[in-house]
Amino acid sequence: MIDEMERDRAVKARHRQMWALGSYAAVAAEVIPELGATLVRAAGVGPGDRVLDVAAGTGNAAIPAALAGADVVASDLTPELLEIGQALAAERGARLEWQQADAEALPYADGEFDRVLSCVGVMFAPRHQAGADELVRVCRPGGTIGLVSWTPEGFIGQMFATMKPYAPPPPPGAQPPPLWGSEDHVRALLGDRVTDVVTRRQAVTVDRFASPETFRDFFKAHYGPTIAAYRAIAGDPERVAALDQDLADLARRHLEAGAMRWEYLLVTARRRG
């Protein structure tokens, strides 16, 4: 048991370090700024709601929820992201709490929140069922769970598939993040503890990148998982060149008239009473 706990702490430490690499704030603000507000609207967040944003990052959903009048807690495993989020919230006049927390072991009471959200966040917790169990546990009976996750078939899902041969191996028991973008997978994770499940495949239009190489270089510099993949092969120039080519080719297949459409799955569900 002690060995298992030590392994888990090591996994979480590597996870924190990965997301602290580069600047996820730039990705959230410059590439997918509207995703959080889309989730907040879909989940029906309004004044007086007690809201938890799980794996909140820099507050892409938490800040819009606070601006909608909710009482919000933004939780994330990576304190560097929370610090950036605090500064962004102050700039926008949003008041909310920021707390370091593990999505697989949230430090909140059962049924503490009216609405529990995660915008491309909890999908990156390695043990999907543990993350889903916590989402349900901290949501009050009759409350709403709202999720946005990249789909396996969409651009970001395909980007992770492209990086997989180059990236460090995942920890034992970890599941691929884009599985959260599969309707069947999410329904199985939440099970019969929820009702009124609504799933919608939508896409965010990304017009930030003028060329495939611009996309690749931006993610190479700013996105933690991409930076980690490059670090894993830094001593092999041929593999670095191959990943450079693969990521540019992926973007080239999706880039049309200066824009890409990145598919995601939007899920809302109500916790059974």
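Rules and cut-offs
- Residues numbered from 1 in each chain as written.
- Predicted model: local features only at pLDDT ≥ 70, side-chain atom pairs only at ≥ 80, totals over all residues.
- Heavy atoms only, no water.
- Helix = DSSP H or I, 4+ residues; strand = E, 2+ residues; numbered from the N terminus.
- Expected span 1.5 Å × (residues − 1).
- Buried < 20%, exposed > 50% of the residue type's maximum accessible area, 1.4 Å probe, protein only.
- Arc of directions from axis to C-beta.
- 1 Å grid on protein atoms, 1.4 Å probe; cavity = no way out; pocket = protein on both sides within 12 Å on 5 of 7 lines; lining within 4 Å.
- Points joined across faces, edges and corners; volume = space filled by probe spheres on them.
- Nonpolar A, V, L, I, M, F, W, Y, C, P; charged D, E, K, R; others polar.
- Contact = heavy atoms within 4.5 Å.
- Salt bridge = Lys/Arg side-chain N within 4 Å of Asp/Glu carboxyl O.
- Pairing = 2+ DSSP bridges.
- Axes fitted to C-alpha atoms, helices over the stretch in contact; angles between N-to-C directions.
- Core = buried A, V, L, I, M, F, W, Y, C linked by side-chain atoms within 4.5 Å.
- Phe/Tyr/Trp six-rings, centres within 6.5 Å; stacked < 30°, edge-to-face > 60°.

Caption draft 1: Focus on helix H5 (residues 79-92). Its 14 residues place the ends of H5 20 Å apart at the C-alpha level, agreeing with the 20 Å of an ideal helix rising 1.5 Å per residue. For H5, the full list of buried residues reads Leu81, Leu82, Gly85 and Ala89. Angular distribution of buried residues about the axis of H5 spans 95 degrees; they occupy a single face of the element. Those residues of H5 that are exposed and aimed more than 90 degrees away from the buried face are Glu83, Ala90 and Glu91. Downstream of H5 by a residue or two, Gly93 has a phi angle that is positive, lying close to 75 degrees.

Caption draft 2: Looking closely at empty space enclosed by the protein. For the structure on display, the rule yields two cavities of 30 Å³ or more. The volume enclosed by the largest cavity comes to roughly 310 Å³. His15, Trp19, Ala55, Asp76 and Gly121 are, among the 23 residues lining the largest cavity, the residues nearest its centre. With three residues, helix H1 (residues 2-20) is the largest single contributor of residues to the lining of the largest cavity. For the lining of the largest cavity, the residue count by class is 14 nonpolar, five polar and four charged. In this structure, the second largest cavity spans a volume of roughly 70 Å³. What lines the second largest cavity is simply Trp19, Tyr24, Val27, Ile32, Val120, Phe124, Trp150, Ile156, Phe219, Tyr223 and Trp262. Classifying every residue of the lining of the second largest cavity by side-chain character gives 11 nonpolar, no polar and no charged.

Caption draft 3: Here's a closer look at the environment of Pro64. You can see Pro64 is positioned in helix H4 (residues 62-67). Excluding residues within four positions of it along the chain, Pro64 makes contact with Gly36, Ala37, Val40 and Gly59.

Caption draft 4: Broad picture of the pattern of salt bridges. This structure, assessed with the given rule, holds 23 salt bridges. Residues Arg140 and Asp114 are paired through a salt bridge, measuring 2.6 Å at the closest nitrogen-oxygen approach. You can see Arg140 sitting in strand S5 (residues 139-150) and its partner Asp114 sitting in strand S4 (residues 113-119), a full 26 residues away along the chain. Its relative accessible area of 32% is what places Arg140 among the partly exposed residues. By relative accessible area, which is 18% here, Asp114 ends up buried. Residue Arg252 is joined to Glu213 by a salt bridge in which the shortest nitrogen-to-oxygen separation is 2.7 Å. Remark: Glu213 occurs in helix H9 (residues 212-222) and Arg252 occurs in helix H11 (residues 237-254); sequence separation between them is 39 residues.

Caption draft 5: The sheet that holds S4, seen in detail. Across the sheet, which stays open at both edges, the seven strands sit in the order S3-S2-S1-S4-S5-S7-S6 with mixed pairing between neighbours. The outermost strands of the open sheet, each flanked by one partner alone, are strand S3 (97-100) and strand S6 (194-206). Taken over all neighbouring pairs, the strand axes of this sheet differ in orientation by 20 degrees on average, direction set aside. Most of the contacts of H5 go to S3, to which it runs at about 175 degrees, and overall it touches strand S2 (71-76) and S3.

Caption draft 6: Inspection of the environment of Asn60 at higher detail. Tracing the sequence through the fold places Asn60 in the loop between strand S1 (50-53) and H4. As a C-alpha pair, Asn60 and Ala125 span 65 residues in sequence and 17 Å in three-dimensional space.

Caption draft 7: A look at the nonpolar core. Counting residues in hydrophobic clusters, the biggest one holds 92 residues, and the most contacted among them are Trp150, Met159, Phe219 and Trp262. Looking at which element gives the most residues to this core, the answer is strand S7 (residues 260-271), with seven residues. The contact partners of Trp262, leaving out residues within four places of it in the chain, are Val31, Ile32, Trp150, Phe155, Ile156, Gln202, Ala203, Val204, Val206, Phe209, Phe215 and Phe219.

Caption draft 8: Layout of the packing of aromatic side chains. This structure, assessed with the given rule, holds 18 aromatic pairs. Ring centres of Trp19 and Phe124 lie 5.0 Å apart, and the angle between their planes is 65 degrees; this geometry places the pair in the edge-to-face category. In this pair, Trp19 is assigned in helix H1 and Phe124 in the loop between S4 and helix H6 (128-138), connecting sequence segments 105 residues apart. Judged by its relative accessible area of 9%, Trp19 falls in the buried class. Judged by centre distance (6.4 Å) and plane angle (70 degrees), the ring pair of Phe209 and Phe219 falls under edge-to-face. Here Phe209 is found in the loop between S6 and H9, whereas its partner Phe219 is found in helix H9, with 10 residues between them in sequence. Of the two residues, Phe209 and Phe219, both sit in the buried class.

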